[in-house]
Amino acid sequence: MKPARAKTPRKPLVKKGSQTNLKDPVGVYCRVRPLSFPDHECCIEVINTTTVQLHTPEGYRLIRSGDYKETQYSFKQVFGTHTTQKELFDAVASPLVDDLIHGKNGLLFTYGVTGSGKTHTMIGSPGEGGLLPRCLNMIFNSIGSFQAKRYVFKSNDRNSMDIQCEVDALLERQKREAAPIPKTPSSKRQVDPEFADMINVQEFCKAEEVDEDSVYGAFVSYFEIYNNYIYDLLEEVPFDPIKPKWNSCSTPAKNTDFVLPQSKMLREDKNHNMYVAGCTEVEVKSTEEAFEVFWRGQKKRRIANTHLNRESSRSHSVFNIKLVQAPLDADGDNVLQEKEQITISQLSLVDLAGSERTNRTKAEGNRLREAGNINQSLMTLRTCIEVLRENQMYGTNKMVPYRDSKLTHLFKNYFDGEGKVRMIVCVNPKAEDYEESLQVMRFAEVTQEVEVARPVEKVICGLTPGRRYRNQARGGPIGDELLVADVVLQSFPPLPSCEILDINDEQTLPRLIEALEKRHDLRQMMIDEFNKQANTFKALLQEFDNAVANKENYIQGKLNEKEKLISGQKIEIERLEKKNKTLEYKIEILEKTTTIYEEDKRNLQQELETQNQKLQRHFSDKRRLEARLQGMVTETSMKWQKECERRVAATQLEMQNKLWVKDEKLKQLKAIVTEPKTEKPERPSRERDREKVTQRSVSPAPVPTAPPIRVRHRRSRSAGDRWVDHKPASNVQTETVMQPHVPHAITVSVANEKALAKCEKYMLTHQELASDGEIETKLIKGDVFKTRGGGQSVQFTDIETLKQELPNGSRKRRSATVAPAQPDGTESEWTDVETRCSVAVEMRAGSQLGPGYQHHAQPKRKKP
């Protein structure tokens, strides 16, 4: 008969919002091993059942300049140094075994530095078995009486199971038993005393609600990942004298039949589950048999002696327990030959090699290469966990690098939602492992934030429960009736003796009749009581059925309400998740905008500081300029005050001189008219005034006749400086005796910057018409200054005036048409004198010839 085949069920695709969207975080537990020597320094302290605290050891603080830091890490549960293996198993592994029996997958692995107690936690020690033997013990305590016969389930190389009928299984058993060397251990063999104490678990542990209408088959496999290669530890390799022979420590050995096995490849089945192709799977029927298989592979595992651990694991070991479950047929006699109804669940127990630092383990050669591969695979595991966490927390879709390591590639299905994941972090509290323990704690903290989807619960079949015991119960009702009849007969009164020895015996029959009547009455009463109780029981059953129906309706209504509520909550959760992602995106944009604004703010602040500095410098320059201008204003005020005083004094002197000149002229005219004399006139009446005037400006008295005067040039007050002589082209040349003359001057008609840059002084010749009709020439003088912009500016300091006048307003007399008549007849005399005088003398302040001496030669004008 061709055997039917079963496959590992894959989680079916379901619509969004179903139960499979629920996720559970990876369960991370922490176990602290006791110190090897109690007097050693401890760097890890258990705070409570969920928290541990790391503090910096003394030696590390000395290296880090006294830096002391305490860090707390939280776990799902923390197990201290006094925790037993039973307590650890009940909290961590027992739920995974229960899920395994109910058709769900599980992954349990130990993680930590070398020498932290990972292998002890997984395997245990004599007298105190670890998680692995306790898991096996719980499995076989639960399915022991429901196991299928050997070889009913048969593994193949496609990660699935073939189902054989009872006849094929019997032929397979006979074939294996007839073989000279049995390939599988027998449950009847004596337990190896080397590990007998490890599997001798005193506590009885069993899963609840095991399906009694199914049969189970347990298969185990054991392999290791060494230098990123997979090796089957249960493979029996025949002796080959050509190949080199190795022992369990990867060193050459002698007189042995074991050679280094070939590495296995990872394959993906049609359901996209990863498995080790060609790996040996052994069917086991008891805890002793399963652990014997494990122990046989454990001897082949690679361990070595390092500076930190005498038996350091040099590879990652994986022990798989595969449980096959198939329902019984409708009769409850044989396994149902339908592969769709078969479920395969798997529990993987992984003992990871410890991360280590080569400078502490003193590794070299092969040990160094092994340490590098161990650390690389653990680093890949950490990277995968971090990418998973980032994808789940931030909604990204980064590719998880499972294929970078055989370890992560093998178990990627568990992180994709194929089962529960549990991790036990083992730590050594000694101070020397502080830095390694710190890295382990950080990795555990990240792992707790990864969520794994819950697996789908699969209903095995829809057959009627209780099929297993149906045939066993056949014929049972007859025996029950006999038993009930015996009990009823014992409740009746005993019958009297029925033996009649005498024909005339008249007492035996009446006594018998009386006893039978009593029994009849008792029977009738019991029948009535039975009928009454039966009716009461029927009523109670009817009432109970109604109550159950009502409760079912009520529960169904509540379930419908809850389903609607859950559906609404899921929709609300999806909406909030979308809103959360939108808000996170907006927050990211706002953070970027804030960064840009902060950068602009810093730039503007820098620019503001620069402008403030410029403004301060401007204010300083302004204050200096104000002080300078104030000084210049003060100096100019003093200068003009002195000039005003000088001009007032000059004006006063000029007025006095005019009065004296008038007197002198009158005397001269009188002398001319009466008797001309050449003697110098005297001023007896003005002697006192003349003496006062000569104290201010001593000058000789004017002579009556105009002596010959040579042409003189007026000299500038600043003859040593270079001047710009600005004479506009429209100026009229005057015929005055005194002409302005400036040496070293640059004469220009239009002021220009080039001429100003070469000189220190500036003079502008300006002409205008006075009120009396004469031309008045003004010499406007100033100083040339250089400006900050590189140009020149002129500050005017003085004005000199040159003016021509006729003496004593004679113009007005000549312009009169009719002269007033003089009573004394002096008109002609005055006219004769006027015509005879062609020279007039005028005294002016500031003249070098005396008090304001100017000589004007005017030709005599003829009367018409």
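Residues numbered from 1 in each chain as written. Predicted model: local features only at pLDDT ≥ 70, side-chain atom pairs only at ≥ 80, totals over all residues. Heavy atoms only, no water.

Right, let's talk about helix H2 (residues 85-101) for a bit. The principal kink in H2, of about 50°, is found at Ala 93, preceding the proline Pro 95 by one to four residues. Of the residues making up H2, those classed as buried are Gln 85, Leu 88, Phe 89, Val 92, Ala 93, Ser 94, Leu 96, Val 97, Asp 99, Leu 100 and Ile 101. (Bend = angle between axes of the 7 residues up to and from the residue. Helix = DSSP H or I, 4+ residues; strand = E, 2+ residues; numbered from the N terminus. Buried < 20%, exposed > 50% of the residue type's maximum accessible area, 1.4 Å probe, protein only.)

In spatial order, the strands read E28-E26-E29-E30-E31; together these five strands make up an open sheet with mixed pairing. The sheet is open, and its two borders are formed by strand E28 (745-748) and strand E31 (792-803), each paired with just one other strand. Averaged over all pairs of adjacent strands, the angle between their axes in this sheet comes to 25°, without regard to strand direction. Two strands pair when backbone bridges link them, and strand E29 (residues 761-769) and strand E30 (residues 775-786) are joined in this way by nine bridges, in the antiparallel orientation. Considered in E30, the bridge of Leu 769 is made with Ile 775. (Pairing = 2+ DSSP bridges. Axes fitted to C-alpha atoms, helices over the stretch in contact; angles between N-to-C directions.)

Let us look at the packing of aromatic side chains. If you walk through the whole model with that rule in mind, you get nine aromatic pairs. Taking the centre distance of 4.7 Å and the plane angle of 45° together, the rings of Tyr 111 and Phe 443 count as tilted. Here Tyr 111, found in strand E8 (residues 106-112), pairs with Phe 443, found in helix H12 (residues 434-447); they are 332 residues apart in sequence, far enough to count as distant. We note that Tyr 111, like Phe 443, is buried. On the numbers, 5.3 Å between centres and 50° between planes, the contact of Phe 291 with Phe 294 is tilted. On the criterion of helical spacing, the pair formed by Phe 291 and Phe 294 is a turn pair, its members being three residues apart in helix H7 (residues 287-298). As far as burial versus exposure is concerned, Phe 291 and Phe 294 are alike and both buried. Put simply, the rings of Tyr 222, Phe 291, Phe 294, Trp 295 and Phe 319 pair up and form one aromatic cluster. (Phe/Tyr/Trp six-rings, centres within 6.5 Å; stacked < 30°, edge-to-face > 60°.)

With that settled, the discussion passes to the environment of Ser 263. By the element assignment, Ser 263 lies in strand E15 (residues 263-264). Its relative accessible area of 32% is what places Ser 263 among the partly exposed residues. Leave out the neighbours within four places in its chain, and Ser 263 touches Tyr 229, Ile 230 and Tyr 231. (Contact = heavy atoms within 4.5 Å.)

Each pair of packed helices gets described by two things: the angle between the helix axes and the distance between those axes. Between H2 and helix H4 (residues 131-143), the shortest axis-to-axis distance is 9 Å and the interhelical angle comes to 45°. By the angle class used here, H2 and H4 are oblique. In this structure, the crossing between H2 and H4 has a hand that is right-handed. Counting all contacts with H2, which are made through Gln 85, Lys 86, Leu 88, Phe 89, Ala 93, Ser 94, Val 97, Asp 98, Leu 100 and Ile 101, the residues of H4 involved are Leu 131, Arg 134, Cys 135, Met 138, Ile 139, Ser 142 and Ile 143. Along the lines of polarity and charge, the residues of the contact of H2 with H4 split into eleven nonpolar, three polar and three charged. (Parallel < 35°, antiparallel > 145°, perpendicular 65-115°, else oblique. Left-handed = near helix turned anticlockwise from the far one by under 90°. Nonpolar A, V, L, I, M, F, W, Y, C, P; charged D, E, K, R; others polar.)

Here we come to the sheet that holds strand E5 (residues 51-55). With antiparallel pairing, three strands are arranged side by side in an open sheet as E4-E5-E6. Either end of the sheet is taken by a strand with one partner, and the two such strands are strand E4 (44-46) and strand E6 (70-74). Here the average twist between neighbouring strands, direction ignored, is 25°. In this structure, E5 lies alongside E6, joined through five bridges in antiparallel fashion. Bridge assignment links Gln 53 to a residue of E6, and that residue is Gln 72. Each of E4, E5 and E6 is contacted by H12, which is oriented at about 145° to E5, the strand it contacts most.

Looking at where Lys 412 falls in the secondary structure, it is placed in helix H11 (residues 412-418). Sequence separation of Lys 412 and Met 274 is 138 residues, and the distance between their C-alpha atoms is 7.8 Å. Not counting residues up to four positions away in its chain, the partners in contact with Lys 412 are Glu 268, His 272, Met 274 and Tyr 402.

Applying the stated rule across the entire model yields 27 salt bridges. Across the pair Arg 158 and Asp 157 runs a salt bridge, and its minimum N-O distance is 3.4 Å. On the basis of relative accessible area, Arg 158 is assigned to the partly exposed category, the value being 41%. With its nearest N and O atoms 3.9 Å apart, the salt bridge here joins Lys 658 to Glu 654. Linking Lys 658 with Glu 654, this pair stays in helix H14 (residues 508-674), spanning four residues, or about one helical turn. Salt bridges here are not isolated pairs; linked through shared partners, they connect Glu 643, Arg 646 and Arg 647. (Salt bridge = Lys/Arg side-chain N within 4 Å of Asp/Glu carboxyl O.)

Generally, phi is negative for residues other than glycine and the peptide bonds are trans, each holding for most cases. Here Asn 159, not a glycine, exhibits a phi torsion of approximately 60°, which is positive. Structurally, Asn 159 is set in the loop between strand E11 (153-155) and strand E12 (160-163). Residue classification places Asn 159 among the buried residues on the basis of a relative accessible area of 13%.

In the contact formed by H4 and H7, the axes pass within 9 Å of each other and the chain directions differ by 145°. Note on packing geometry: the crossing formed by H4 with H7 is right-handed. Seen from H4, the contacting residues are Leu 132, Pro 133, Leu 136, Asn 137 and Phe 140; seen from H7, they are Thr 287, Ala 290, Phe 291 and Phe 294.

On to the pairing of E12, then. The two faces of E12 match: Ser 160 and Asp 162 on one face and Met 161 and Ile 163 on the other face are all buried. Linkage of E11 to E12, two consecutive antiparallel strands, is achieved through a turn of four residues, within which Asn 159 is found at a positive phi near 60°.

Okay, the confidence of the model for the protein next. Looking at the protein as a whole, its pLDDT mean stands at 77, while 72% of the residues score no less than 70. Predicted confidence is poor over residues 239-246, with pLDDT under 50, and the contacts of this stretch with residues over four places away or in other chains come to 18 contacts. Scored below 50 in pLDDT, residues 248-258 shows 25 contacts in the model against residues more than four places distant or in partner chains. (pLDDT = per-residue confidence, 0-100.)

This brings us to a nonpolar patch on the surface. A cluster of nonpolar side chains, namely Tyr 554, Ile 555 and Leu 559, defines an oily patch on the protein surface of about 320 Å² accessible area. Along the chain, Ile 555 falls in helix H14. (Patch = residues over 30% accessible without salt bridge, like charges linked within 9 Å, V, L, I, M, F, W, Y side chains within 5 Å. Areas by Shrake-Rupley, 256 points an atom, 1.4 Å probe, with all protein chains shown as cover.)

To continue, consider the environment of Ala 207. Topologically, Ala 207 is positioned in the loop between helix H6 (196-199) and strand E13 (214-226). With 107 residues separating them in the primary sequence, Ala 207 and Leu 100 have C-alpha atoms 9.8 Å apart. When near neighbours in sequence (up to four residues on either side) are disregarded, Ala 207 contacts Asp 98, Ile 101, Met 138 and Ser 142.

Applying the stated criterion to the full structure yields zero disulfides. Cysteine Cys 135 is unpaired, with the sulfur of Cys 205 as its nearest cysteine sulfur at 9.2 Å. (Disulfide = S-S within 2.5 Å.)

Remark: five residues form the turn of the hairpin made by E29 and E30, two consecutive strands paired antiparallel; Gly 773 in that turn has positive phi of roughly 90°. With eleven bridges connecting them, E30 and E31 associate as antiparallel partners. In the strand pairing of E31, Leu 779 is matched with Glu 800. The hairpin formed by E30 and E31 contains five residues between the paired strands, and Gly 790 there has a positive phi angle of roughly 95°.

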